[in-house]
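Coordinate analysis (summary)
Here is how the chains run, residue by residue.
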Amino acid sequence: MKIAIVTRGSLPIPNVKGGGVETLISALMNENEKSENKMVVYSIYNEEAALRSEEYVNTEMVYLPKQERTIRDRVRARVLGDFPREAPMSYTKIADNIEKENFDRIVLENASWQFYFFVKRFGNKVYLHLHNDWINNTWGETYKEKFRYAINHCGGVIVVSKFLKERVETLKKVNQDKIRVLYNATDIKMFSKEISQKEKAELRKKLNIKGKEKLIIYTGRICEDKGVLELLESFTNMCDKYSDVKLLIVGSVSYGETTTDKYTMKVHDIVNQYSERIITTGFVPYQEMYKYYSIADIQVIPSMWEEPFGLVAIEGMAQGLPIIATDSGGLNEILNENNSIVIKRNNIIKELEYAMERLCDNESLCNIIKSNAMDTIKKHKEYSYEEYYKLFINLLLH
């Protein structure tokens, strides 16, 4: 089978700048090397990504200049509304290139605004792989009609959770049989790794974590949706009572970038005020993330929005971390009262504080949650890249 994969163009492929969707696309490319299928991936250009792409045999990369838009792109964006005016690359060029090739399937990776345009042009060869809550009943009638047409005339819509499936189904008069769930996955083998005691000690020393100090870890973007300020307030509230606990924040505002906004400045102010207790790393490459999980004692996922899925939960569970998370969207399909502590968002600061104190005080509760979390990972083979690729290909075939 020959598959075209069209990205949103936000970040390059392979995932040299990180990004959840970009990491999953790269994982599909890696697994595809073991098969007879061929892939062509359309991405914005990045020099490091282009060098990395030379390693692939079964995947061809087509790189486009960032923010290059043809006259047809501009007309389609402004007049027809086929895709955003600020679309990061030329989708008319991509469509023209696809038309010259004999593809069996065309997969739009989270490119929901381009969905209608590609379905109109290529029909049921097109599949949308939707990772965010971007298609639902909250849009005006014009957009709803376009999404409705695209869903009913495409090959299928692959969503990353039952939560997201229900959101798409809020659109009336869509063929619900076309909307199918494929849970996200991660590199279970990598995140299950135990680094040596020496390496742990060196990393903890580098981060200024002493001796037997407990470490609470947050991983992800620093933004309002993710509840970072709520986490910081909860943690600082318990600082006086727990002098041997530190907080590690692994992530940045924008993947691989150093952008600063008002929200980040508030975060930085609190971090600077508690610099002895709160450590930030900035962006960490995906391949290094498991090392940071391995030196932590507790993971917190304080999401304030409805998480479409929640990859960080799988990563922490694979490492055997006791997790505290909000009752958010697709996270409810991964986490429960046995393998984590799930808290409500309506009083999140107090709830977070209480949950962190419970785990800091109760080693036996930590061990029970850790054991149940690792059992969950073992039972759900679909969380591994190997199974993820098989299920992905199967959905494209049926």
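What counts, and at which threshold
Residues numbered from 1 in each chain as written. Predicted model: local features only at pLDDT ≥ 70, side-chain atom pairs only at ≥ 80, totals over all residues. Heavy atoms only, no water. Patch = residues over 30% accessible without salt bridge, like charges linked within 9 Å, V, L, I, M, F, W, Y side chains within 5 Å. Areas by Shrake-Rupley, 256 points an atom, 1.4 Å probe, with all protein chains shown as cover. Salt bridge = Lys/Arg side-chain N within 4 Å of Asp/Glu carboxyl O. Helix = DSSP H or I, 4+ residues; strand = E, 2+ residues; numbered from the N terminus. Buried < 20%, exposed > 50% of the residue type's maximum accessible area, 1.4 Å probe, protein only. Pairing = 2+ DSSP bridges. Axes fitted to C-alpha atoms, helices over the stretch in contact; angles between N-to-C directions. Right-handed = clockwise from strand over helix to strand, strands pointing away. Core = buried A, V, L, I, M, F, W, Y, C linked by side-chain atoms within 4.5 Å. Contact = heavy atoms within 4.5 Å. Arc of directions from axis to C-beta. Disulfide = S-S within 2.5 Å. Expected span 1.5 Å × (residues − 1). Phe/Tyr/Trp six-rings, centres within 6.5 Å; stacked < 30°, edge-to-face > 60°.

On to a nonpolar patch on the surface, then. A contiguous nonpolar surface patch, about 410 Å² in accessible area, is contributed by Ile71, Val75, Val79 and Leu80. For Ile71, the position within the fold is in helix H3 (residues 71-80). Judged by its relative accessible area of 68%, Ile71 is exposed.

What follows is about the sheet that holds strand E4 (residues 105-109). Neighbouring strands of a sheet are bound in pairs by backbone hydrogen bonds; such pairs are parallel or else antiparallel. Taken in spatial order, the seven strands line up as E3-E2-E1-E4-E5-E6-E7 in an open sheet, and their pairing is parallel. The open sheet is flanked by strand E3 (59-64) and strand E7 (179-181), the only strands paired with a single partner. Adjacent strand axes in the sheet meet at a mean angle of 20°, parallel and antiparallel pairs treated alike. Looking at chain direction, strand E2 (residues 38-44) and E3 are connected through six bridges and run parallel. For Met39, the partnering residue across the bridge sits in E3 and is Thr59.

Spatial strand order, E10-E9-E8-E11-E12-E13: six strands in an open sheet with parallel pairing. Looking along the sheet, the strands with just one partner apiece sit at the ends: strand E10 (278-282) and strand E13 (341-343). The average undirected angle you get between the axes of adjacent strands in this sheet is 20°. Bridge count between strand E9 (residues 245-250) and E10: four bridges; the pairing is parallel. When the bridges of E10 are listed, Leu248 appears paired with Ile279.

Neither face of strand E11 (residues 298-301) is left uncovered, since the one carrying Ile298 and Val300 and the one carrying Gln299 and Ile301 both have all their residues buried. Relative to E11, strand E8 (residues 214-219) runs parallel, the two being bridged by two bridges. For Ile217, the partnering residue across the bridge sits in E11 and is Gln299. In terms of strand pairing, E11 meets strand E12 (residues 323-326) through three bridges, oriented parallel. Residue pairing across strands places Gln299 opposite Ile323, the latter belonging to E12. Once the chain exits E11 it traverses helix H13 (residues 311-319) before rejoining the sheet at E12, and the crossover so formed is right-handed.

Counting residues in each nonpolar core, the largest one holds 103 residues, and the members touching the most others are Tyr42, Ile98, Phe115 and Phe118. By residue number, the principal contributor to this core is helix H16 (residues 385-397), which donates seven residues. Among residues more than four places away in sequence, those in contact with Phe115 are Leu108, Val126, Leu128, Ile135, Ala150, Ile151, Cys154 and Val157. Formed by 32 residues, the second largest nonpolar core is a distinct cluster that contains Ile222, Val245, Val300 and Leu359.

This next bit is on helix H9 (residues 197-206). Those residues of H9 that sit buried are Lys200, Leu203 and Arg204. Taken end-on, H9 shows its buried residues confined to a sector of 100°, consistent with a single buried face. Of the residues in H9, the exposed ones pointing more than 90 degrees away from the buried face are Lys198, Lys205 and Lys206. Buried residues along H9 sit against E8 and helix H12 (289-294). Directly beyond the C-terminal end of H9, a positive phi value near 65° is found at Asn208.

What follows is about unusual backbone geometry. Only a minority of non-glycine residues have a phi that is not negative, and only a minority of peptide bonds are not trans. Here Ile13 and Pro14 are connected by a cis peptide whose omega angle stands at -5°. Tracing the backbone shows Pro14 in the loop between strand E1 (2-6) and helix H1 (20-32). Even without being a glycine, Lys173 presents a positive backbone phi close to 65°. Turning to its location among the elements, Lys173 is positioned in the loop between helix H7 (162-168) and E7.

To continue, consider the state of the cysteines. Under the criterion given, the structure shown has zero disulfides. Between Cys239, a cysteine without a disulfide, and Cys360, which holds the nearest cysteine sulfur, the sulfur-to-sulfur distance is 11 Å. Cysteine Cys360 shares no disulfide, and the gap to the nearest cysteine sulfur, in Cys366, comes to 7.5 Å.

The next point concerns H1. Helix length check: H1 (13 residues) gives 18 Å between terminal C-alpha atoms against 18 Å at 1.5 Å per residue, within 8%. Of all the positions in H1, only Val21, Glu22, Thr23, Leu24, Ile25, Ser26, Ala27, Leu28, Met29, Glu31 and Asn32 are classed as buried. On the buried face of H1, the contacting elements are E1, E2, E3, E4, H13 and H16.

So, about the packing of aromatic side chains. Scanning all chains against the criterion turns up 14 aromatic pairs. Look at Tyr45 and Tyr63: their rings are 5.8 Å apart centre to centre, the planes differ by 90°, and that puts the pair in the edge-to-face class. Of this pair, Tyr45 sits in the loop between E2 and helix H2 (47-53) while Tyr63 sits in strand E3; the two residues are 18 residues apart in sequence, bridging distant segments of the chain. Plain terms: the ring middles of Tyr183 and Tyr383 are 6.4 Å apart, the flat faces sit at 65° to each other, and that makes the pair edge-to-face. On the criterion of sequence distance, the pair formed by Tyr183 in the loop between E7 and helix H8 (188-191) and Tyr383 in the loop between helix H15 (363-379) and H16 is long-range, its members being 200 residues apart. There is no split in this pair, since Tyr183 and Tyr383 are both buried. Every member of this aromatic cluster is reached through a ring pair, and the members are Tyr91, Phe117, Phe118 and Phe122.

None of this, on its own, says anything about what the molecule does.
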